[in-house]
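A closer look at the structure
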Amino acid sequence: MRTTFITKPLEVERKWYVVDAEGQNLGRLSTNIAHVLRGKHKPIYSPNADVGDYVIVINADKIKVTGKKLDKKQYVRYTGYIGGRKETSLKDMLKNKPEYVLHHAVKGMLPKNNLGKKMFSKFHVYAGATHKHEAQKPEPLTFNIK
């Protein structure tokens, strides 16, 4: 009798990857990062288990976007008070909080449940070229993005 392979948490081997975001498109980069965080690049992928790897992104402040998104794309939040809707353009967000732009893009591509929260906790973004995860010996990860 044949049985379906079920991924168990103890069988998962996690790697650490570092991605340089300098000059890469926001959308294409974030889809590839979400792919690695979910573990879809592994043969043991299972949609109901967290089999993804850790991803560190450096140079998030040097990411690029196409078209008129710098001026037209808005990040909206609500303070909780009447008339408390706040809008921030992508240009201002890249200047003030460049990490949030990638966080927001990747988080939207992960599952909206406890499993997605667990996957998202393995994602680290830094605006500069340095990070604090050298002890994990991350491997450089490049994507074939054009």
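What this report covers is the structure whose coordinates are included nearby. (Residues numbered from 1 in each chain as written. Predicted model: local features only at pLDDT ≥ 70, side-chain atom pairs only at ≥ 80, totals over all residues. Heavy atoms only, no water.)

This next bit is on the sheet that holds strand β2 (residues 54–58). The four strands lie next to each other as β5-β2-β1-β6, forming an open sheet whose pairing is parallel. Edge strands, defined here as strands with exactly one partner in the open sheet, are β5 (123–125) and β6 (139–140). Sheet topology places strand β1 (residues 16–20) next to β6; two bridges connect them, and they run parallel. Residue Val18 lies in a different strand from β6, and its bridge partner there is Pro140. Its contacts with the sheet place helix α1 (residues 26–38) against β1, β2 and β5, and it is angled at close to 155° to β2. (Pairing = 2+ DSSP bridges. Helix = DSSP H or I, 4+ residues; strand = E, 2+ residues; numbered from the N terminus. Contact = heavy atoms within 4.5 Å. Axes fitted to C-alpha atoms, helices over the stretch in contact; angles between N-to-C directions.)

Next up on the list: the nonpolar core. Ranked by size, the top nonpolar core spans 29 residues in total, and within it Leu29, Ile33, Val55, Val57, Leu102 and Phe123 carry the most contacts. Among the elements of the structure, β1, α1, β2, α3 (90–96), α4 (98–107), α5 (114–120) and β5 are those that each provide at least two residues to this core. The dominant element in this core, judged by the number of residues it contributes, is α1, at six residues. Not counting residues up to four positions away in its chain, the partners in contact with Ile33 are Val55, Val57, Val106, Phe123 and Phe143. (Core = buried A, V, L, I, M, F, W, Y, C linked by side-chain atoms within 4.5 Å. Buried < 20%, exposed > 50% of the residue type's maximum accessible area, 1.4 Å probe, protein only.)

Taking 1.5 Å as the rise per residue, α1 with 13 residues should run 18 Å; its terminal C-alpha atoms sit 18 Å apart, in good agreement. Tucked into the core, α1 has its buried residues touching β1, β2, α4, α5 and β5. (Expected span 1.5 Å × (residues − 1).)

Our next topic: the packing of aromatic side chains. Evaluation of the coordinates by the stated rule reveals three aromatic pairs. Ring geometry for Trp16 and Tyr54: centres 4.2 Å apart, planes at 5°, overall stacked. Of the two residues, Trp16 sits in strand β1 while Tyr54 sits in strand β2, which places them 38 residues apart along the sequence. For the ring pair Tyr75 and Tyr100, a centre distance of 5.8 Å and an interplane angle of 70° mean the geometry is edge-to-face. One end of the pair, Tyr75, is in strand β3 (residues 74–78); the other, Tyr100, is in helix α4, with 25 residues separating them in the sequence. Tyr100 gets classed as partly exposed once you look at its relative accessible area, which sits at 35%. In this arrangement the basic side chain of Lys97 is found over the ring face of Tyr100, its NZ or CZ atom lying 6.0 Å from the centre. (Phe/Tyr/Trp six-rings, centres within 6.5 Å; stacked < 30°, edge-to-face > 60°. Lys NZ or Arg CZ within 6 Å of the ring centre and 35° of its normal.)

When charged atoms on two side chains of opposite charge get close, those side chains can pair. Counting across every chain of the model gives six salt bridges. Between Lys42 and Asp53 there is a salt bridge, with the nearest N and O atoms lying 2.8 Å from each other. One end of the pair, Lys42, is in the loop between α1 and β2; the other, Asp53, is in the loop between α1 and β2, and eleven residues separate them in sequence. When sorted by exposure, Lys42 lands in the same class as Asp53, which is buried. (Salt bridge = Lys/Arg side-chain N within 4 Å of Asp/Glu carboxyl O.)

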